[in-house]
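Structural overview
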Amino acid sequence: MYDLVSKRNWFFALSALLTIPGVIFILLGGLKPSIDFTGGTEWEVRYASEPSAAEVEAFLIDAGYEDVVVTELPDGYLRIRTEPIDLAPPPTPAPATPTPAASGSASASADASAEPSADASASAEASAGASAEPSPSPSPTPSATSSPSATPSPTASPTPAPVVEGTEFAELQEQLVEEFGEGTPRSVRTVGPIIGADLIRSSAILIIIGELFILGYLWFRFGFRFGTAAIIALLHDVVLVVGTFAILGYFLNLEFDALFVTALLTIIGFSVHDTIVVFDRIRENRVRHAGEPFGAIVNHSILQTVGRSIITSLTVIVTLGALLLLGPPTIRTFTLALLLGVVSGTYSSIFNAAQILVAWEDWAQKRRERQRQAARA
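About the thresholds
- Residues numbered from 1 in each chain as written.
- Predicted model: local features only at pLDDT ≥ 70, side-chain atom pairs only at ≥ 80, totals over all residues.
- Heavy atoms only, no water.
- 1 Å grid on protein atoms, 1.4 Å probe; cavity = no way out; pocket = protein on both sides within 12 Å on 5 of 7 lines; lining within 4 Å.
- Points joined across faces, edges and corners; volume = space filled by probe spheres on them.
- Nonpolar A, V, L, I, M, F, W, Y, C, P; charged D, E, K, R; others polar.
- Helix = DSSP H or I, 4+ residues; strand = E, 2+ residues; numbered from the N terminus.
- Core = buried A, V, L, I, M, F, W, Y, C linked by side-chain atoms within 4.5 Å.
- Buried < 20%, exposed > 50% of the residue type's maximum accessible area, 1.4 Å probe, protein only.
- Contact = heavy atoms within 4.5 Å.
- Pairing = 2+ DSSP bridges.
- Axes fitted to C-alpha atoms, helices over the stretch in contact; angles between N-to-C directions.

Before going further, it helps to examine the layout of surface pockets. Of the pockets and cavities examined, the largest pocket occupies roughly 1000 Å³. Every residue lining the largest pocket is counted, 31 residues in all, and those nearest its centre are Glu44, Leu73, Arg79, Pro329 and Thr333. Considered class by class, the residues forming the lining of the largest pocket number 12 nonpolar, 7 polar and 12 charged.

Turning our attention to empty space enclosed by the protein. Inspection of every chain in the model, using the stated rule, returns 1 cavity of 30 Å³ or more. If you add up the space inside the largest cavity, you get close to 40 Å³. Taken together, Phe270, His273, Asp274, Arg308, Ser309, Thr312 and Ser313 make up the full set of residues lining the largest cavity. Breaking the lining of the largest cavity down by element, the ones donating at least two residues are helix H9 (258-288) and helix H10 (294-326). Sort the elements by how many residues they give to the lining of the largest cavity and H10 lands first, with 4 residues. Among the residues making up the lining of the largest cavity, the classes are represented as 1 nonpolar, 4 polar and 2 charged.

Ranked by size, the top nonpolar core spans 48 residues in total, and within it Phe260, Leu264, Phe279, Ile282 and Val298 carry the most contacts. Listing elements by their share of this core, those giving two or more residues are helix H7 (193-221), helix H8 (224-252), H9, H10 and helix H11 (332-376). The biggest single contributor to this core is H11, with 13 residues. Non-local contacts of Val298, meaning those with residues more than four positions away in its chain, are made with Val5, Ile282, Ala354 and Val358. Of all hydrophobic cores here, the second largest spans 17 residues; its members include Tyr65, Val68, Leu78 and Ile80.

With that out of the way, let us pick up the sheet that holds strand E4 (residues 78-82). Spatially, 4 strands are ordered E3-E4-E2-E5 in an open sheet, and the strand pairing comes out antiparallel. Sheet topology places strand E3 (69-72) and strand E5 (183-191) at the edges, where each strand pairs with a single neighbour. Between one strand axis and the next, the sheet turns by 15° as a mean value, whatever way the strands run. As paired elements, strand E2 (residues 40-47) and E4 share 5 bridges and run antiparallel to each other. Looking across to E4, one finds that Trp43 is bridged to Ile80.

What follows is the structure, encoded as structure tokens:
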């Protein structure tokens, strides 16, 4: 039988090698949050002259925008981020809908223009025609809805403008087009700083509450040591994923968005789910193999569950790998975080959580032995 427990120090060293660089880059500020967290305006565009990111960034800085980040995307587009820019048009009064006159009377025209809808104006004209002097020819009074008009109504066929005139964003776009040629925009969005701060606070609360509930359940279900070991392995997975994004953000300017928080919560659930399977087998084997060393029981339990854990994880890894390579770019960050978390969660459940229990038990036995020796002395 292969002894995994005796090599636990190597597994701990590998975990430290994977997580410590990420922690260093987190402290160096490698994490690059998107505008979902920081607030600002972000749009993707491609200009005719195909300027570089440095040229566009220098132009925007000269134009008075200090907090500017321009990133070149693989498909030739530029992602430009600045501080929040006004995208909404200025408030304008609603245009009055012209209504053709139904009779030559001035009072009928006044009644028709005072009514808000075409049906109401038709009823007003009909009542005005009935109260007027009778005409020698009994021809019906024309209605506002049935009479032809030479000019169409302004609300009949609205034509949306590509850029809202009179806004700060429209003026900036005109300056960029004059400098770099005609632009082909693909997307634009803006997020206020208050919304970004609320999202950060809500995300932190969600992660903390989720881990506390998991810790409480594991303490109740398995005991203090099992629950603490599972939380340590869980923190290993979270630190590895966040640290990897910090490294990629430092060197490749990779940003994380709101879906990244969803991925972290999913990783937490997946990692604990796999750890509970191993812990449950350890608890069963402690009853079946009472009297054996705790390390041997843990090693036997790991070997019984390792095949199931790896096969289950491989099915998820294959799916996530296909999404990462062939899926849309909008969920690529989410998919990458999940892929890292699934791999790390499988590793930590087998080689960290259960090994921490063995190390803790060995430390407790040595402590009890020292206490007994001290009592004899």
